[in-house]
Amino acid sequence: MVTDNFTASDYAWLDMKNNGLDIIIGPIENYEDKLFNARTSYEAYVLIKDKEWSKRLAKYVKMLPELQKNLPVAAKYKAETPGTDSELNAYDVVYYAGDCNAGSKTIAVNLPNDEKIQQEKGTRRSQLKNAMQAKFDKILVPISKELIDTDQQQYIKFDAFFANVMFHEVAHGLGIKKPLPEKALYVPH
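Because the structure is predicted, anything quoted here is derived from the model rather than measured.

(A) Broad picture of the pattern of salt bridges. Scanning all chains against the criterion turns up 9 salt bridges. Lysine 55 is paired through a salt bridge with glutamate 52; the nearest N and O atoms lie 3.7 Å apart. Of the two residues, lysine 55 and glutamate 52 are both situated in helix 2 (residues 51–62); the distance of 3 residues between them amounts to about one turn of the helix. Taken individually, lysine 55 and glutamate 52 each receive the classification exposed, so the pair is uniform in this respect. Through salt bridges with shared partners, one network takes in Lys17, Asp22, Glu87 and Arg124.

(B) Quick peek at the pairing of strand 3 (residues 87–98). Alignment of strand 2 (residues 41–49) against strand 3, held across 7 bridges, turns out to be antiparallel. Within strand 3, the position partnered with valine 46 by the bridge is tyrosine 95. As paired elements, strand 3 and strand 5 (residues 124–128) share 5 bridges and run parallel to each other. Across the sheet, residue glutamate 87 finds its bridge partner in strand 5, namely arginine 124.

(C) Spatial organisation of the nonpolar core. In this structure, Ile24, Tyr45, Leu128 and Phe162 are the most contacted members of the largest nonpolar core, which totals 32 residues. Where this core is concerned, the elements lending two or more residues are helix 1 (7–15), strand 1 (21–29), strand 2, helix 2, strand 3, strand 4 (108–111), helix 5 (129–147) and helix 6 (158–172). Among the elements that make up this core, the one with the highest residue count is helix 6 (6 residues). Among all residues touching tyrosine 45, those that are not within four sequence positions of it are Asp22, Ile23, Ile24, Val93, Tyr95, Tyr96, Cys100, Thr106, Val109 and Leu128.

Procedures and definitions
All residue numbers refer to positions counted from 1 along the written sequence of the respective chain. Under the rules for a predicted model, residues below a pLDDT of 70 receive no local features and side-chain atom pairs below 80 are neither given nor counted, while totals for whole chains, interfaces and linings still include all residues. The basis for every side-chain value is the complete set of non-hydrogen atoms in the structure, without hydrogens or water. Salt bridge criterion: a side-chain nitrogen from Lys or Arg within 4 Å of a carboxyl oxygen from Asp or Glu. Numbering of helices and strands starts at the N terminus; helices are DSSP runs of H or I of at least 4 residues and strands are runs of E of at least 2. A 1.4 Å probe rolled over the protein chains alone gives each residue an accessible area, and that area as a share of the maximum for its type sets the label: buried under 20%, exposed over 50%, partly exposed in between. Any two strands with at least two DSSP bridges between them are considered paired. By convention a nonpolar core is built from buried Ala, Val, Leu, Ile, Met, Phe, Trp, Tyr and Cys residues, the set being connected through side-chain atoms within 4.5 Å. In what follows, residue pairs with any heavy atoms lying within 4.5 Å of each other are defined as contacts.

The structure is reproduced here in structure tokens:
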């Protein structure tokens, strides 16, 4: 944090595999920069890994290379291969500070944001299960009681909500980071 260079710590953080406690600190999101959408704000999370739920999610990490390979784009755009040392885990968040504590609470994160590290190493997709459960119970269920027919209420399940958020985070780590340049349309003055 003294040098504002997080590359070494991002790599070290991705190498931690058996930790039960996870701490995320840094200038991560740029939601508050309304002028250029470029300046990031500091935030911090303290997370406790839910080892049982994390075991359930491990099978999806193995699918990432195949998902990347099958993106619906032309083959010429699939030259990139994101890092395969990715993780997908469930956590209970016990502390929010900084930008992530302003307004609504984050329910999942996919870090690091550095595209070079994503390509070389991968990402950690952290599902904040207790925060998801709270939003499900206090927001989604009450809204569903107003909008969804009573015959369909039986299908409103936390596991489905969790899976929807999780696959959204999985999708963040997929894709083409550097599209090939098309023929230039530059016309000199």
